[in-house]
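Architecture and fold: a report
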Amino acid sequence: MDEKKTARAEAKYVRIAPRKIQIICDMIRGEKTDLAMAYMKNTPKAGCEVMTKLLKSACANAENNFEMDPEKLYVAEAYCGAGPILKRGMPRAQGRMYRINKRTSHITIVVAEKD
């Protein structure tokens, strides 16, 4: 059984909630890279800007480091995990404070060559 060649790109500590990124990951997983790029360009989601940059990086890694054909690349894996949470507070009535969680994400995109 032959091993598939893959290239990856990671973005860590991105200041956007993982649940927002996960929607985009589900949308582009399994698509050709140029089609995934078009999807993200025309989707008005907050994480599309970060994901577009990451996908470009993964494609560049595949082309320059592993000599893959950019025309045959597709998104093999796209996933997002939670990073550390920045805990902030909002002042409330009678001297209380409500916690506000500023969530961060670790995003990974893996591209592979289609046969």
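Quick note: structure is the one above.
Since this is a predicted model, take the numbers as computed values, not measurements.

A few words on the nonpolar core. Here is a general trend for soluble globular proteins: nonpolar side chains tend to be buried in one another's company. Of all hydrophobic cores here, the largest spans 27 residues; its most connected members are I28, M51, L55, I109 and V111. Contributing elements (two or more residues each) for this core: β1 (6-14), α1 (18-28), α2 (33-41), α3 (48-65), β2 (73-82) and β5 (105-113). Filtering out sequence-adjacent residues up to four positions away, I109 remains in contact with A7, R8, A9, I28, M51, L54, L55, A58, V75 and E77.

As a further point, take the sheet that holds β1. Strand order in the open sheet made by the 3 strands is β1-β5-β2, with antiparallel pairing throughout. At either margin of the open sheet sits one strand with a lone partner, and together these are β1 and β2. Averaged over all pairs of adjacent strands, the angle between strand axes in this sheet comes to 15 degrees, irrespective of strand direction. Judged from the 9 bridges that link them, β2 and β5 form a sheet pairing that is antiparallel. Within the sheet, the bridge partner assigned to Y79 lies in β5 and is T108. Together, β2 and β5 form the strand contacts of α1, whose direction differs from that of β2 by roughly 165 degrees.

Here T33 lies in helix α2. With near-sequence residues (within four places) excluded, T33 lies in contact with L55, C59, P70, L73, Y74, V75 and V111.

What follows covers the pairing of β5. The buried fraction of β5 is high, at 7 of 9 residues. With 7 bridges connecting them, β1 and β5 associate as antiparallel partners. Bridging across to β5, E10 finds its partner in T108.

About the criteria used
Residues numbered from 1 in each chain as written. Predicted model: local features only at pLDDT ≥ 70, side-chain atom pairs only at ≥ 80, totals over all residues. Heavy atoms only, no water. Core = buried A, V, L, I, M, F, W, Y, C linked by side-chain atoms within 4.5 Å. Buried < 20%, exposed > 50% of the residue type's maximum accessible area, 1.4 Å probe, protein only. Helix = DSSP H or I, 4+ residues; strand = E, 2+ residues; numbered from the N terminus. Contact = heavy atoms within 4.5 Å. Pairing = 2+ DSSP bridges. Axes fitted to C-alpha atoms, helices over the stretch in contact; angles between N-to-C directions.

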